[in-house]
Amino acid sequence: AQKITQTQPGMFVQEKEAVTLDCTYDTSDQSYGLFWYKQPSSGEMIFLIYQGSYDEQNATEGRYSLNFQKARKSANLVISASQLGDSAMYFCAMREGRTGGFKTIFGAGTRLFVKA
Amino acid sequence: DTEVTQTPKHLVMGMTNKKSLKCEQHMGHRAMYWYKQKAKKPPELMFVYSYEKLSINESVPSRFSPECPNSSLLNLHLHALQPEDSALYLCASSQVSTGYNEQFFGPGTRLTVL
């Protein structure tokens, strides 16, 4: 059965430093997509970055990069140069299958605190 | 326009009330979703509409009734809710195509059932 594991309930990082949020996944599918979302205290889920299972290069979007290690089934999010506005809950998520794969499985989340 | 809007932002209702949550998107997405999120938990999928037809119902109690009147609108009708239904209700939309399409979420409706 598909599963997403985020083992860090909370993380602290100093402003302007880099931080890595861990995510491991379990699936028997060869084709899947991995996502990271940010949820500030306001509640809105904000899409950050996506990695496809067949993508050979790690995804990057501005200060966000995804460290994809397929053999280890890990998809860690790296945030460079942390900002106070990065304080939020971060969810790792996965979709299996191709067209019509509407179900997204979310991890438990990691609460990130950025210190000034 | 990459925005999903939800109204109302906050809703307080009694267990005998009937209310509706509304979601709207103008990105041309043909898949729309309802999620329920309890505090400090990840979102849980409730319903999925694809091309205005109900595609997934995750065994949600009948006191929650979804409706997709057109490709831009998604409603969630609420009736005879229980206090444990208090949560953040998130709407999302995405494309329906090959590959894996990210979902765009609305800001949510915070529901309190008294």
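A quick note: this is a predicted structure, and the numbers were derived from the prediction, not measured.

### As for the interface of chain B and chain A
Phase 1: Each partner contributes to the interface: chain B provides 27 residues, whereas chain A provides 25 residues.
Phase 2: At the boundary of chain B with chain A, total buried surface from both sides reaches about 2,000 Å², with 58% on carbon and sulfur atoms.
Phase 3: When residues of chain B are sorted by the area they lose upon contact with chain A, B:Tyr100, B:Glu102 and B:Phe105 head the list and together hold 33% of the total.
Phase 4: In this structure, the connection of chain B to chain A is made through one salt bridge.
Phase 5: Taken together, the connections running from chain B to chain A amount to six residue pairs in polar contact (both at pLDDT 80 or more).

### Quick notes on the nonpolar core
Phase 1: Ranked by internal contacts, the top residues of the largest apolar core, which has 25 residues, are A:Trp36, A:Leu77, A:Tyr90 and A:Leu112.
Phase 2: Considering each element in turn, this core owes the most residues, four residues, to strand β10 (residues 88-96) of chain A.
Phase 3: Those residues in contact with A:Leu77, other than ones at most four positions away along the chain, are A:Val19, A:Thr20, A:Leu21, A:Trp36, A:Leu48, A:Ile49, A:Tyr64, A:Ser65 and A:Tyr90.
Phase 4: By size, the runner-up hydrophobic cluster in this structure holds 23 residues, among which are B:Met13, B:Cys23, B:Phe64 and B:Tyr89.

### Considering the layout of surface pockets
Residues and elements named next belong to chain B.
Phase 1: Considering only enclosed or pocket space, the largest pocket measures out at about 320 Å³ in volume.
Phase 2: Along the wall of the largest pocket there are 17 residues; nearest its centre are Lys-38, Ala-39, Lys-40, Leu-88 and Arg-110.
Phase 3: Of all the elements, strand β11 (residues 109-113) adds the most residues to the lining of the largest pocket, at three residues.
Phase 4: Residues belonging to the lining of the largest pocket are distributed by class as follows: six nonpolar, six polar and five charged.

What counts, and where the lines are drawn
Residues numbered from 1 in each chain as written. Chains lettered and ligands numbered in written order. Predicted model: local features only at pLDDT ≥ 70, side-chain atom pairs only at ≥ 80, totals over all residues. Heavy atoms only, no water. Contact = heavy atoms within 4.5 Å. Buried area = accessible area lost by both parts, 1.4 Å probe. Salt bridge = Lys/Arg side-chain N within 4 Å of Asp/Glu carboxyl O. Polar contact = N/O pair within 3.5 Å; in protein donor to acceptor, adjacent residues only side chain to side chain. Core = buried A, V, L, I, M, F, W, Y, C linked by side-chain atoms within 4.5 Å. Buried < 20%, exposed > 50% of the residue type's maximum accessible area, 1.4 Å probe, protein only. Helix = DSSP H or I, 4+ residues; strand = E, 2+ residues; numbered from the N terminus. 1 Å grid on protein atoms, 1.4 Å probe; cavity = no way out; pocket = protein on both sides within 12 Å on 5 of 7 lines; lining within 4 Å. Points joined across faces, edges and corners; volume = space filled by probe spheres on them. Nonpolar A, V, L, I, M, F, W, Y, C, P; charged D, E, K, R; others polar.

Honestly, it's all geometry; don't read function into it.
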